Amino acid sequence: MAQRALWLMSHEPGTPRCGTVRFSSVRAKQCDLEGIMPNVTIGLSLPTNGSPLQDILVHPCVTSLDSAILTSSSIDSVDDSAFSGPYKFPLTPPLDSFNLCYYTSQVPVPPILGFYQMKEEEVQLKITVSLKLHESVKNNFEFCEAHIPFYNRGPITHLEYKVSFGQLEVFREKSLLIWNIGQKFPKSMEISLSGTVTFGAKSHEKQPFDPICIGGTAYLKLRFRILDYTLTGCYADQHSVQVFASGKPKISAHRKLISSDYYIWNSKAPAPVTYGSLLL
């Protein structure tokens, strides 16, 4: 008898854009399939009083869909009449892994609040960083780190710093600091870093260059992953998945929150505005 398996992964990007989880995805893959391709229905669930999913884009393998799902938009104001489920996706899955759908949703605050200040003092840069994990976010990271790059400058020749939590790594030739926060924030949920950085002569061949990060225009980028968690609470329930085929399939479902373009810009300089496109 042919063995069938279906793998589901709910993936939400954590971003500092207050109020919106932007273009999260549900990724799926069917494994070890033989014979006729099965029809499958996958449902997404939300917690009680959870914010509805919006701007939903689906993979072409989805065979039919409630029109209310496709017309729910973040441009419109959210009220009691907004479509809030159930979110059911009938489909004939391809053999390779694929993104079943993308969506946005409204959330009250970013998962990690932050402040970054960088200013020049004679031949040095003075930096100050404060980060705070929101109390509603699961304090159990697979990893969490802050990257602080210094573009269009020479190598780091001297660093004096004070860090309240975690460890700081210095990549002198790359003009980069990486603050390894670890797997948990402290009980206070707040951490800080301050210091002064001195640079050597700039070499255009070796030092990182960025046409945007000129002068005081600079950023800190957060990278983290939290397993078994999403900001919206949205998840694919493996027990609600229906597979219309012979045999009993093995179904596994997971969810995770992954940082994506999580920038905190220098408060002492204007932050640039950029636009991107989404491809299924």
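Look above for the structure.
Let us look at the structure shown here. These numbers come from a predicted model, not from an experiment.

As for the environment of Val40
Move 1: Inspection of the secondary structure assignment puts Val40 in strand 3 (residues 39-45).
Move 2: Remark: the alpha-carbon pair of Val40 and Val62, spanning 22 residues in sequence, is separated by 9.4 Å.

Here's the deal with the pattern of salt bridges
Move 1: All chains considered together, the criterion is met by five salt bridges.
Move 2: Of the charged contacts, one joins Glu190 and Lys132 as a salt bridge, the two residues approaching to 3.9 Å between their closest N and O atoms. Of this pair, Glu190 sits in strand 13 (residues 190-199) while Lys132 sits in strand 8 (residues 124-133); the two residues are 58 residues apart in sequence, bridging distant segments of the chain.
Move 3: For Glu145, the salt bridge goes to Arg223, with nearest N and O atoms at 2.6 Å. You can see Glu145 sitting in strand 9 (residues 143-149) and its partner Arg223 sitting in strand 14 (residues 219-227), a full 78 residues away along the chain.

Considerations on the pairing of strand 14
Move 1: Relative to strand 14, strand 9 runs antiparallel, the two being bridged by five bridges. In the sheet register, His147 faces strand 14, and the bridge partner there is Lys221.
Move 2: Taken together, the four bridges between strand 14 and strand 18 (residues 262-265) define a ladder with antiparallel strand orientation. Residue pairing in the sheet places Lys221 in a bridge with Tyr263 of strand 18.
Move 3: Both strand 14 and strand 17 (residues 250-259) contribute to a ladder of three bridges, which runs antiparallel.

Some points on the layout of surface pockets
If a probe the size of a water molecule is rolled over the atoms, the empty space left behind becomes visible.
Move 1: Counted as a void, the second largest pocket has a volume near 180 Å³.
Move 2: Along its surface, the second largest pocket is lined by Ser51, Ser105, Gln106, Val107, Pro108, Val109, Ser136, Val137, Tyr229, Leu231 and Thr232.
Move 3: In terms of residue class, the lining of the second largest pocket is built from six nonpolar, five polar and no charged.

Thoughts on the side chain of His147
Move 1: Mapping His147 onto the fold places it in strand 9.
Move 2: The class of His147 is buried, set by a relative accessible area of 18%.
Move 3: At a separation of 2.9 Å, a polar atom in the side chain of His147 contacts the side chain of Glu145.
Move 4: Non-local contacts of His147, meaning those with residues more than four positions away in its chain, are made with Leu176, Leu177, Ile178, Tyr219, Leu220, Lys221 and Arg223.

Some remarks on the nonpolar core
Move 1: In this structure, Ile112, Tyr116, Leu131, Phe150 and Phe185 are the most contacted members of the largest nonpolar core, which totals 37 residues.
Move 2: For this core, the secondary-structure elements that each account for two or more residues are strand 7 (112-121), strand 8, strand 9, strand 10 (156-163), strand 12 (176-180), strand 13, strand 14 and strand 18.
Move 3: If one sorts the elements of this core by residue count, strand 8 sits on top with five residues.
Move 4: When neighbours within four sequence positions are excluded, Leu131 is seen to be in contact with Ile112, Leu113, Gly114, Trp179, Ile181, Phe185, Met189, Glu190, Ile191, Leu222 and Ile264.
Move 5: Counting residues in each nonpolar core, the second largest holds 22 residues, with Ala28, Ile42, Tyr87 and Tyr103 among its members.

Considerations on the packing of aromatic side chains
Move 1: Taken as a whole, this structure holds eight aromatic pairs when the rule is applied.
Move 2: Measuring from centroid to centroid gives 5.2 Å for Tyr219 and Trp265, while their planes differ by 65 degrees, and the two rings are edge-to-face. Here Tyr219, found in strand 14, pairs with Trp265, found in strand 18; they are 46 residues apart in sequence, far enough to count as distant.
Move 3: The class of Trp265 is partly exposed, set by a relative accessible area of 26%.
Move 4: Ring centres of Phe224 and Tyr262 lie 5.6 Å apart, and the angle between their planes is 70 degrees; on these two criteria the pair is classed as edge-to-face. Of this pair, Phe224 sits in strand 14 while Tyr262 is found in strand 18, placing the two residues 38 residues apart along the sequence. Residue Phe224 shares its accessibility class with Tyr262, and that shared class is buried.
Move 5: Across from the ring centre of Phe199, 5.8 Å away, lies the NZ or CZ of Arg153, which sits over that ring.

What counts as what
Residues numbered from 1 in each chain as written. Predicted model: local features only at pLDDT ≥ 70, side-chain atom pairs only at ≥ 80, totals over all residues. Heavy atoms only, no water. Helix = DSSP H or I, 4+ residues; strand = E, 2+ residues; numbered from the N terminus. Salt bridge = Lys/Arg side-chain N within 4 Å of Asp/Glu carboxyl O. Pairing = 2+ DSSP bridges. 1 Å grid on protein atoms, 1.4 Å probe; cavity = no way out; pocket = protein on both sides within 12 Å on 5 of 7 lines; lining within 4 Å. Points joined across faces, edges and corners; volume = space filled by probe spheres on them. Nonpolar A, V, L, I, M, F, W, Y, C, P; charged D, E, K, R; others polar. Buried < 20%, exposed > 50% of the residue type's maximum accessible area, 1.4 Å probe, protein only. Polar contact = N/O pair within 3.5 Å; in protein donor to acceptor, adjacent residues only side chain to side chain. Contact = heavy atoms within 4.5 Å. Core = buried A, V, L, I, M, F, W, Y, C linked by side-chain atoms within 4.5 Å. Phe/Tyr/Trp six-rings, centres within 6.5 Å; stacked < 30°, edge-to-face > 60°. Lys NZ or Arg CZ within 6 Å of the ring centre and 35° of its normal.

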